[in-house]
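Structural features, examined
Take a look at the letters that make up each chain.
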Amino acid sequence: MNASYTYAVARPFRLDLLAGLRGVDGAPVRLVRHDDLVAVVSSVPDTGFDERSLEALPRLAEVARAHHAVVAGVAAHTVTLPCRLATIHRGDDRVAAVLRDRYPRLRAALDRLAGRVELGVKVYTEAGPPAVAASGPPAEVPAGTGPTAALGGLPSNIHTDAEPPTAGSPEAARSGRDYLRRRRAEQRAREEGRGAAHQAAERMDAELAALAADHRRHRPQDRRLSGAEGEHILNVAYLVAADQVGAFTAQARALAGGGLRVEVTGPWAPYSFAPPDEADEPAEDLT
Amino acid sequence: MSTAIAEPEVTLVDLLDRLLAGGVVLAGDLTLAVAGVDLVHISLRALITSLGQR
C-alpha cells in the first residue's frame, strides 16, 4: 500500500515546469487539486515512515533534502506554502479532502506569501572571548606558581629559584588574591560583553523587522552542529518582498561589526511563515 | 527569484530549523511527532554524533 507524502500547497502551476523533479526516495511528483489550490505529492510506502526511521541521521537528511528540493522547485514557479517535514496521508483523496477542509486558511496563507520570500539572519559574537581591559597579560595559572610568573607584572615577588613562595607565605596569598580578582574581572567582562552583544542583536532584529513583512525566531544553533565560530545569539527568519532581497541582505550585512558577525541565508521558500498549527481542530478519523 | 531559491549550498542545520519547526501542518493520517521537541533532540544528538565521526 502506498501513502501520499505532501511537500507543499501551492497555487496551480504546470507540472511539466518541474521537469521530472523527484521527491522522497526518487518517486515522481504529482499534483492533487482542489479548486484553485494544488498539493504537491509523491507516493511513499505507508510503512516507510515512522519516528524511528527519521531518528537516523542519514535518513532524516535524505528526506529533508528531498523535501527541500521539491519545495524549492515549486517555489521557483508559483506561490508556495511548504508543509512540515513528513506530512503523510493515506491517499490522494485524503489530501484533496484536507485541501477542501482547510481551503479558506490555505488560500489566505498563500495570498499573504505572494511575492515574498524568506531570508534567514544569523548573528554571532566574534570568535573568542571579548577583550578584557585588565592590566597585564591573562594568566592561565596563578602568578608565582608557573614559568610565566616573571611575566605577571610582579617582579618584586620573584625570589630566588631555590626559595619559591610557599602556600602560606604573604607572596602566595597575594598572588592568589590577584589571580582570583583577575578571574572575577574576566568573568564580569565576559558577562557584560554577552549582555551588550545580546542588546546589539536585539536592536539589529528590530531594525531588520521594520524592513520585513513578518519575522519569526528560531532557536540559536548548537555550535557542534553548525561548526560556526563564536556564540550564536540570534537566529531569525524574515518575510521579505522578493524585489527587496538585495536591499535587505545589504542592510543586514551592514549591521555587522562591533564584535558581531552576521550571516544571511536564503532566499528560502517561506517555511517559517506557515499559518500556526490547527491544534484546536479535532483530529479526523485517525487510525 | 527561481535561481536564487534553488541555491544549492543549504546547510542541514538551517534546513532542519525550518522543516522541523516550520511548514504548514496538514493533520496527516500518519501523524508523526517530527515537530516534537523529543525527536528534534534525538535528531540533534544523531547529528552531533555523525558530525563527530567525520
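It should be noted that the structure appears before, not after, this text.
Everything quoted here is computed from the prediction, not taken from an experiment.

1. Description of the environment of B:G22
Looking at the secondary structure, you find B:G22 in the loop between α2 (12–21) and α3 (37–53). Given a relative accessible area of 5%, B:G22 falls into the buried group. In the structure, B:G22 is positioned 11 residues away from B:T11 in sequence and 16 Å away in space, judged by C-alpha atoms. Not counting the four nearest positions on each side in its chain, B:G22 is found in contact with A:R84, A:Y271 and B:D17.

2. What to know about unusual backbone geometry
All names here are of chain A. Put simply, G266 and P267 share a cis peptide bond, and its omega is 5 degrees. Within the element layout of this structure, P267 appears in strand β8 (residues 260–268). One non-glycine residue, D25, lies in the positive phi region at around 60 degrees. On the secondary structure map, D25 appears in the loop between β1 (2–10) and β2 (30–34). Of note, the phi angle at A86 is positive, near 60 degrees, even though the residue is not glycine.

3. Quick word on the packing of aromatic side chains
Overall, the coordinates contain three aromatic pairs over all chains when judged by the stated rule. Where A:Y238 meets A:F248, the ring centres are 5.1 Å apart and the plane angle is 50 degrees; that geometry is what we call tilted. Placement of the pair is A:Y238 in strand β7 (residues 232–241) and A:F248 in helix α7 (residues 245–254), with a sequence separation of 10 residues. By the burial criterion, A:Y238 is buried, and A:F248 matches it. A cation over an aromatic ring shows up here: A:R261 above the ring of A:Y124, its NZ or CZ 4.4 Å from the ring centre. Taking the ring centre of A:W268 as reference, the NZ or CZ of B:R18 above it sits at 4.2 Å.

4. A short note on the nonpolar core
Membership of the largest hydrophobic core comes to 36 residues, with the highest contact counts inside it found for A:Y5, A:Y7, A:V24, A:F49 and A:L85. Elements supplying a minimum of two residues to this core: β1, β3 (37–45), α2 (57–75) and β4 (80–89) of chain A together with α2 of chain B. Tallying contributions element by element places α2(A) first for this core, with 10 residues. Those residues within four positions of A:Y5 in sequence are excluded, and the remaining contacts are A:V24, A:V40, A:V41, A:S42, A:V44, A:F49, A:V63, A:H67, A:L85, A:A86, A:T87 and A:I88.

5. Describing the packing of α2(A) against α2(B)
Relative orientation of the contacting elements α2(A) and α2(B) amounts to 75 degrees, with a least axis distance of 10 Å. Here α2(B) runs roughly perpendicular to α2(A), going by the angle between their axes. Listed contacts from α2(B) to A:L57, A:L60, A:A61, A:A64, A:R65, A:H67 and A:H68 of α2(A) are B:L12, B:L15, B:L16 and B:L19. For the contact of α2(A) with α2(B), the class distribution of residues is eight nonpolar, two polar and one charged.

About the cut-offs
- Residues numbered from 1 in each chain as written.
- Chains lettered and ligands numbered in written order.
- Predicted model: local features only at pLDDT ≥ 70, side-chain atom pairs only at ≥ 80, totals over all residues.
- Heavy atoms only, no water.
- Helix = DSSP H or I, 4+ residues; strand = E, 2+ residues; numbered from the N terminus.
- Buried < 20%, exposed > 50% of the residue type's maximum accessible area, 1.4 Å probe, protein only.
- Contact = heavy atoms within 4.5 Å.
- Phe/Tyr/Trp six-rings, centres within 6.5 Å; stacked < 30°, edge-to-face > 60°.
- Lys NZ or Arg CZ within 6 Å of the ring centre and 35° of its normal.
- Core = buried A, V, L, I, M, F, W, Y, C linked by side-chain atoms within 4.5 Å.
- Axes fitted to C-alpha atoms, helices over the stretch in contact; angles between N-to-C directions.
- Parallel < 35°, antiparallel > 145°, perpendicular 65-115°, else oblique.
- Nonpolar A, V, L, I, M, F, W, Y, C, P; charged D, E, K, R; others polar.

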